[in-house]
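The chain contents come next:
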Amino acid sequence: YYGDAEAKKYTQNTRNQQIQADMTYRALELLNLPSDEPAFLLDIGCGSGLSGEILEEEGYIWAGVDIAPSMLEVALERNIDGDLFLQDIGQGFGFRPGSFDGAISISVLQWLLNAETSHPTSSPPHRLNRFFTTLHSALRNPSRAVFQFYPTSDDQIQLITSIAQKAGFGGGVVVDYPNSKKARKVFLCLFVGGGGTQQQIPKGVEGEDDEQVRFERRREKERKRDASGKRKNMKDKDWILKKKELYRQRGKEGIPRDSKFTGRKRKPIF
């Protein structure tokens, strides 16, 4: 796990920030959430909140879990908006059923394949089973969970997908830029409800170059924005009311009451 110095160094590295942002945007594309509705997302392995910042920018409410106290301390120092939990995901989650509208995870899932001890409960199959079973319960029906991870063999992919399917998930693996050693990325896209295994797994992006990856994502983001540069239909009155209701359901205090002025644009002051 990261120590205090390593956590800060990792977070401040601009290369890490860019990679994390690119993969988070891609995970959100695969999550395929409605662009005009708020959603409550779970960031699994949230670290210092680099992915969470993207979720917030895109208008989502989120909570994050991570096993590294030092990374969570950095997240708190950076005033991250999401709720943070210190959690070994291999022991499963304790969230209420149907709490989240979706989940993402960047560069974390492969760590569940490491056995910390020789005890049976530390075996990768046992930890993966606890993880996927409790995650499936914590997600609403229908929803998706998207994991970017680094498998070292096809056997690891088979183990992970088979245990996820036994836990009730549909879906499968999406590989972006499969012919590029540099740009190749593996995603596990899982479905809860909504047809389960009958849902069509998204297609991976074809090509060779990292720059093309960034161009495609930038073009998709621009397509979702209007002439003023704002996301289409993102923060109108209905969106604000739904987000406030989500906060109330989560027990947040100090939520402003709804009124005829909710969502109304202020006139310019000279």
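Participant: What is the right way to look at the overall build of the protein chain in this model?
Facilitator: Helices and strands together make up the secondary structure of the protein chain, namely eight helices and seven strands. Considering only contacts within the protein chain whose residues lie at least 6 apart along the sequence, 65% involve residues at least 24 apart. Only carbon and sulfur atoms are counted for the fraction: they give 48% of the accessible area of the protein chain, which is about 15,200 Å².

Participant: I would appreciate a short explanation of the pattern of salt bridges in the present structure.
Facilitator: Overall, the coordinates contain six salt bridges when judged by the stated rule. Among the ionic pairs, R78 bridges to E53, the shortest N-O distance being 2.6 Å. Linking R78 in the loop between helix 4 (69-77) and strand 3 (83-86) with E53 in helix 3 (residues 50-57), this pair joins segments that are 25 residues apart in sequence. Across the pair D258 and K244 runs a salt bridge, and its minimum N-O distance is 2.9 Å. Residue D258 is found in the segment after helix 8 (237-249), and its partner K244 is found in helix 8; the two are separated by 14 residues along the sequence. We classify K244 as buried; its relative accessible area is 11%.

Participant: It is not clear to me how helix 3 should be interpreted in this structure. Could you clarify?
Facilitator: Because each turn of an α-helix spans 3.6 residues, side chains separated by three or four positions in sequence point in the same direction. Among the residues of helix 3, those classed as buried are L50, S51, G52, I54 and L55. Where helix 3 is buried, its residues touch helix 1 (4-12), helix 2 (14-31), strand 1 (40-44), strand 2 (61-66) and strand 4 (100-106). Where helix 3 ends, the next residue or the one after it, G59, has phi of about 95°, a positive value.

Participant: Explanation requested: unusual backbone geometry in the structure shown.
Facilitator: When glycine is set aside, most residues are seen to have a negative phi, and most peptide bonds are trans. Put simply, N141 and P142 share a cis peptide bond, and its omega is 0°. At N32, a residue that is not glycine, the phi angle is positive and equals roughly 55°. One can find N32 in the loop between helix 2 and strand 1. In this structure N32 comes out as exposed when scored by relative accessible area, which is 54%. With a phi angle near 60°, S107 is a residue other than glycine that sits in the positive phi range. With respect to the helices, strands and loops of the structure, S107 is situated in the loop between strand 4 and helix 5 (124-138).

Participant: Would you mind showing me how to read the packing of helix 1 against helix 2 here?
Facilitator: The relative placement of two packed helices comes down to the angle between their axes together with the axis-to-axis distance. At a minimum axis separation of 5 Å, helix 1 and helix 2 run at an interaxial angle of 70°. Comparing the axis directions of helix 1 and helix 2 gives the class roughly perpendicular. Contacts between helix 1 and helix 2 pair Y10, T11 and Q12 from the former with T14, N16, Q17 and Q20 from the latter. Taken together, the residues of the contact of helix 1 with helix 2 sort by class into one nonpolar, six polar and no charged.

What counts, and where the lines are drawn
- Residues numbered from 1 in each chain as written.
- Predicted model: local features only at pLDDT ≥ 70, side-chain atom pairs only at ≥ 80, totals over all residues.
- Heavy atoms only, no water.
- Helix = DSSP H or I, 4+ residues; strand = E, 2+ residues; numbered from the N terminus.
- Contact = heavy atoms within 4.5 Å.
- Areas by Shrake-Rupley, 256 points an atom, 1.4 Å probe, with all protein chains shown as cover.
- Salt bridge = Lys/Arg side-chain N within 4 Å of Asp/Glu carboxyl O.
- Buried < 20%, exposed > 50% of the residue type's maximum accessible area, 1.4 Å probe, protein only.
- Axes fitted to C-alpha atoms, helices over the stretch in contact; angles between N-to-C directions.
- Parallel < 35°, antiparallel > 145°, perpendicular 65-115°, else oblique.
- Nonpolar A, V, L, I, M, F, W, Y, C, P; charged D, E, K, R; others polar.

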